[in-house]
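These are the residues of each chain, in order.
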Amino acid sequence: MKRYLAGTFIFAVAVSVLAGCVKTPTASNQDERYTISWTAWQASPIESDARIKKMIEDKLNVNIDIWNIEPTRFEELLNLRLASGEVPDVIRIPQGYAGLNNIVAQGLAAKLDEDMIKKHAPNLYQEYMECDNNFFKKYGLIDGDLYGIPLLQWIRGKYHQAVVYRGDWMKKLGFDKTPETLQEFEEVMYAFAKGDPDGNGKNDTYGLSNIGMDVVYGAFGYLPGSKDREIKWKNKDGQLVYNAIQPEMKDALRVLAKWYADGVIDPEFVTGEKVGAQMAVSFINGRIGFTCEGRWFDWVPELPGRKEVAKLRTGLEKIDKNAADSLMFGVPPVGPAGKSGALQEKLVTDVMYAFSVDLKADAKKMEKVFSVIDKICFESYEGALEAWFGEKGVDWDYDELGIGDSLDDKWTPANASKLGGHTQLVIFKSNKWKEPPAVMEWLKKYKWDENGITDDLYMYLPSSPKYKVDLQKLEDDAYISIITGKKPIDYFDTFVSQWRKEGGDILTQEANRGGNN
Amino acid sequence: MRQRIGAAGRIITPRDRPWYYNHKKHKNLLLMMLPGLLSLFVFSYLPMYGMQIAFRDFIFKLGIWQSPWVGLKHFRDLFESAHFLNAFKNTLVISGLQLVFGFPAPIIFAVLLNEIRVLKFKKLVQTISYLPHFISWAVLGGMFIQLLSPSVGPVNLLLKTMGMQPIYFLAEPSWFRTVIVSTHIWQTIGWNSIVYIAAITNIDAELYEAGKIDGATRFQQIFYITLGALMPVITIMLIFAVGKIINDNFDQIFNLMTSPVESVGEVLSTYSYKIGLVKMQYSFSTAMGLFKNVISLLLILFANRVAKKINDYGLW
Amino acid sequence: MKRIHFFDIFLFALMIFICLIMVYPFWNLFMNSITAPDVNMSVLRLFPERVSLSSYVKAIESGDIGRGYLNTIVRTVLGIGLNLILTVTLAYPLSKKHLPNKAFITGFVVFTMYFNGGVVPNYLLIRSLGLYDTVWALVLPHAVNVFHLIIVRNFFISIPYSLEESAMIDGCNEFQILTRIVLPLSKSIMATLLLWAAVFHWNAWFDAMIYIKSSEKQVLQTIMRRVVLGSMSGSANGAFEELVNPENIKAATIMLTVGPIIVVYPFIQRYFIKGQLAGAIKG
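Residues numbered from 1 in each chain as written. Chains lettered and ligands numbered in written order. Predicted model: local features only at pLDDT ≥ 70, side-chain atom pairs only at ≥ 80, totals over all residues. Heavy atoms only, no water.

Draft legend 1. Structural detail: the overall build of chain C. Scanning chain C from N- to C-terminus turns up 13 helices and zero strands. Sequence-ordered secondary structure for chain C, helices as α and strands as β, is α-α-α-α-α-α-α-α-α-α-α-α-α. Within chain C, the fraction of its 283 residues that count as buried is 55%. A separation threshold of at least 6 residues defines the contact pool for chain C, and within that pool the share at least 24 residues apart is 71%. When the accessible surface of chain C is split by element, carbon and sulfur atoms take 71% of a total near 12300 Å². (Helix = DSSP H or I, 4+ residues; strand = E, 2+ residues; numbered from the N terminus. Buried < 20%, exposed > 50% of the residue type's maximum accessible area, 1.4 Å probe, protein only. Contact = heavy atoms within 4.5 Å. Areas by Shrake-Rupley, 256 points an atom, 1.4 Å probe, with all protein chains shown as cover.)

As structure tokens, this is what we get:
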């Protein structure tokens, strides 16, 4: 016993001496309280006596100066201050690589060092490596140097868009399960258009509109974008290829043109299913019976533990409760060559953070910035919840499913933002955030995580601003006129050569230039 | 002019007075202006040094004074930019449409209002018609977006009940200019009619009496007497309206524009805002503003001169 | 006689139609704001299906509206005061033929209508004057509106000079003439000027967005825009969930913003119409 005590004593002394040795030189640094200026997306501007912010600041021994910038005009207002010579330490860039490129060109962003990130933001680093083990050599680069850290969206980027049918129509027309092949899909679409599923005696329903076409293209292996669908490139055997010019798309167009001629496609597809900020309008209004509009959380039924409302399902519920309750979710139908897919947003978003060039001169501060971000956003679920909601047990607590939720039923993002909560400090959302088990089961059951087609381009194409608008117009015109039968199917070949000639080849070259393997 | 006799008996003419004679005499007037002029000097003239970034490549870190000179580069770029030329064209097209449809509207309104004999009703109509003038486009924008919304907007709901397809007015390039011009008329018809209503009230009632005696019908009276009497005012207003053709209503277009209609809706002011503040090309944007303002000033000076010549009426 | 009779009815109908078009957008807004939130909005209605004030309660509960009102009122009152004083003291001398260097001063003033330094130097100026994040940044730069100045000046020109001349003979100086003779004759143009200044400051939002950073100092328009446009910032929201406010709440917030103008306006409109006329016609 004595020996044991002595041993412990010696050990304790040794530890404290060692710790002391390590501690002494850094003690002064820990005392120094940095002030980090910070830009975030804000539901509401932060108040001067923000309680949650203060709590986190004291916890991490740092002052965080959050700039109030109106989110409705974020870019302009931030740029104005940048132009006036004020640069925040943490710069939010909502416009992706184009925005990052501007800031780097103005010399305002610091070049980042992967090892520094690894050392001072280990949790962040680990999570980004989970996304792509070459992450910091692929994303956020300008001319091969690392300047930006994009946000990851685990909730959206892991699951494809909806593949949703009007269940009440299906039942009425005698389909008891969702189609699995393109052939079965075709049957359902024809029935929707011809079988008067809404029973009003008028021939006023269609199978699908523009966004529903995603799975038809997907059944041929590629997904061409359109003016409001930002998906362009696919990695084919290590080469990035432009989806809309692939020969397989000609076959897809042949199918669509036939359907259009047969009255299966809503002629309004030219203007689309989306109207302004409102999504899936044609589907909700009972004009079409199938759509790929919306993400899973827009349609998810009420499941135990889920708190937010599903926007599109409730929209439909207001108009037709029965339809909302009988929605059927399917998988992208498989095409003749065995391919299938639906649009999936990128896990790596276009929203990025860059860091002030002034931090370059103060390495200690730079390290502190990364460690603060790591501790607030990535270190633990509970830590992030504290920065999001406030004090545990007072502002929030875990529910029976282990999910953190506010204890105040009047909680709103705007009110939380005033105190420094919500996204004011949690500028990155880590994948430690949890969804209720029932939701995860539901997602698994309908295979939301399989067969998603994403845009594989992750770089800034310097010539994109020059050609983008005109090429997009060329593409939209070609696709629309082929589907509507104004141009023959073979016009596709003319379109492809024109696209390549008018800048497309240059974009393809640029997309394949930098370290893409 | 009063004259004073000097000591030597010589007549002192204004010529002999020191240059500050008048200033001294009217020092109170000059003193009175001081705060106003000072305010203009500080808040309008002091920041004008910023115009030089049109001739420099503005680099944020260096600031306005240290950024390198590039001469007329940005002005050359301006005329090579398809976006600028398109915005220029859109500005002229929208202003032109507003001139063709928006200019006569208040005149017709004023003339017809004058024919209303029930005074109380006339006053009521006037009061109501001025109201939109006082609401900002930040509010009106939100209102029209809702009103014209394809899913919940009353206009489209009306179309639907009549069995027509809903139209997304604000995202449909073929509709956007119509929306801009008609909301412009909606907002300004009442307010702009004030000038004409006033001119009509100044018309001698005897003219109408004489007209009646000569057997003029009511339409003839409107046409010959009312409109005839309005002609000078109309001329002046038209000259100034033409003088303002390069000016666009930033607030209106900015608050109503959506990205699908940029090809027809982007005007000089919104483009300059976007390229400057959003895309960070301040120098280009400033060059554009400078170009526009010079043309605008020349046009208005010209209009002022023409108006003065025709009718001895000028803005200053 | 009969045709004229028909024409009168037609005119009457036309004017009522115009009034309806003018009023309907406001009515629609009002109706949305008092409709119960669970009512389906995609059906055409002239009157609300079920009336509920819950949208107003929600809009006010956020706590920002009250503060916004206060800040906007402070801004408007200060703005009106400065605007009236500086505009009158500048317009009166400019209306005098014998003002020394009149052409130069007029040019100095008019030039500012067409040229400005741009938003960056303006921002730097406000910062270096120490006005940033204060109400003065919102009122001082707009103390003189040249367009209004010219109209007031035109009005002053229309006042018969004989009145002032007799006062001058009585030994009044220019300040006294202005306050005792000219201003009492200018009530209508003053009312107009006041209304313009009030409407301008009530409606202004862009400058507040640039120059005000404290959330405690936000003006009403900024808050209203945030509520109404919240839905459009979906893409700016990045990886986080979108915030969309229901139409009813948007409508209620807009109503709260324009309410005072709509309520006050009919009572004061008869004053300013006179002023507008006098200023615009003469010259």
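Picking up after the structure, the text goes on.
Draft legend 2. Local environment of the interface of chain C and chain A. Facing the 34 residues of chain C at the interface are 40 residues of chain A. Both faces combined, the contact of chain C with chain A buries some 3100 Å², and carbon together with sulfur accounts for 55% of it. Here chain C and chain A share four salt bridges between them. For A:Lys418, the salt bridge goes to C:Asp64, with nearest N and O atoms at 3.0 Å. There are ten residue pairs in polar contact (both at pLDDT 80 or more) connecting chain C and chain A. Contributing elements (two or more residues each) for the side of chain C that touches chain A: helix 3 (64-94), helix 5 (119-128), helix 11 (206-211) and helix 12 (220-229) of chain C. (Buried area = accessible area lost by both parts, 1.4 Å probe. Salt bridge = Lys/Arg side-chain N within 4 Å of Asp/Glu carboxyl O. Polar contact = N/O pair within 3.5 Å; in protein donor to acceptor, adjacent residues only side chain to side chain.)

Draft legend 3. View of helix 15 (residues 311-319) of chain A. Of the positions making up helix 15 of chain A, those classed as buried are A:Leu312, A:Arg313 and A:Leu316. Buried residues of helix 15 of chain A, seen end-on, are gathered within an arc of 100 degrees and therefore sit on one face of the element. (Arc of directions from axis to C-beta.)

Draft legend 4. Looking closely at the interface of chain B and chain C. Taken together, the contact pairs 79 residues of chain B with 94 residues of chain C. A buried area of about 8000 Å², summed over both sides, lies between chain B and chain C, and 79% of it is on carbon and sulfur atoms. In this assembly, chain B and chain C are joined by one salt bridge. With its nearest N and O atoms 2.8 Å apart, the salt bridge here joins B:Arg218 to C:Asp8. Put simply, chain B and chain C have eight residue pairs in polar contact (both at pLDDT 80 or more) between them.

Draft legend 5. Local environment of the domain arrangement of chain C. All names here are of chain C. When cut into domains, chain C gives domain 1 (2-52) and domain 2 (57-281). Each partner contributes residues to the interface: domain 1 has nine residues there, and domain 2 has seven residues. Surface buried jointly by domain 1 and domain 2 totals about 650 Å² across both partners, of which 77% is contributed by carbon and sulfur atoms. The interface formed by domain 1 and domain 2 includes zero salt bridges. In terms of residue class, the side of domain 1 that touches domain 2 is built from six nonpolar, three polar and no charged. (Domains from an automatic or database assignment. Nonpolar A, V, L, I, M, F, W, Y, C, P; charged D, E, K, R; others polar.)

Draft legend 6. How the structure looks around the nonpolar core. Residues A:Trp38, A:Ile117, A:Phe355 and A:Ile376 are the most contacted members of the largest nonpolar core, which totals 251 residues. When residues in this core are grouped by element, the largest group, twelve residues, is from helix 10 (residues 173-201) of chain B. Each residue touching A:Trp38, except ones within four places of it in the same chain, is listed here: A:Ile64, A:Asp65, A:Ile66, A:Trp67, A:Pro88, A:Val90, A:Val372, A:Ile373, A:Ile376, A:Gln424, A:Leu425 and A:Ile427. The next biggest cluster of nonpolar side chains, apart from the first, holds 55 residues, and it includes A:Trp169, A:Tyr190, A:Tyr217 and A:Ala511. (Core = buried A, V, L, I, M, F, W, Y, C linked by side-chain atoms within 4.5 Å.)

Draft legend 7. Structural context of the sheet that holds strand 7 (residues 164-165) of chain A. Residues and elements named next belong to chain A. One open sheet holds the three strands; their spatial order is 10-7-11, and the pairing between them is antiparallel. Strands at the two margins of the open sheet, each flanked by one partner only, are strand 10 (290-291) and strand 11 (328-329). Sheet topology note: the strand 7/strand 11 ladder contains two bridges and is antiparallel. Looking across to strand 11, one finds that Tyr165 is bridged to Met328. (Pairing = 2+ DSSP bridges.)

Draft legend 8. Examining the state of the cysteines more closely. Residues and elements named next belong to chain A. Applying the stated criterion across every chain, the model contains zero disulfides over all chains. With no disulfide partner, Cys377 has as its closest neighbouring cysteine sulfur the one in Cys131, 16 Å distant. We classify Cys377 as buried; its relative accessible area is 1%. (Disulfide = S-S within 2.5 Å.)

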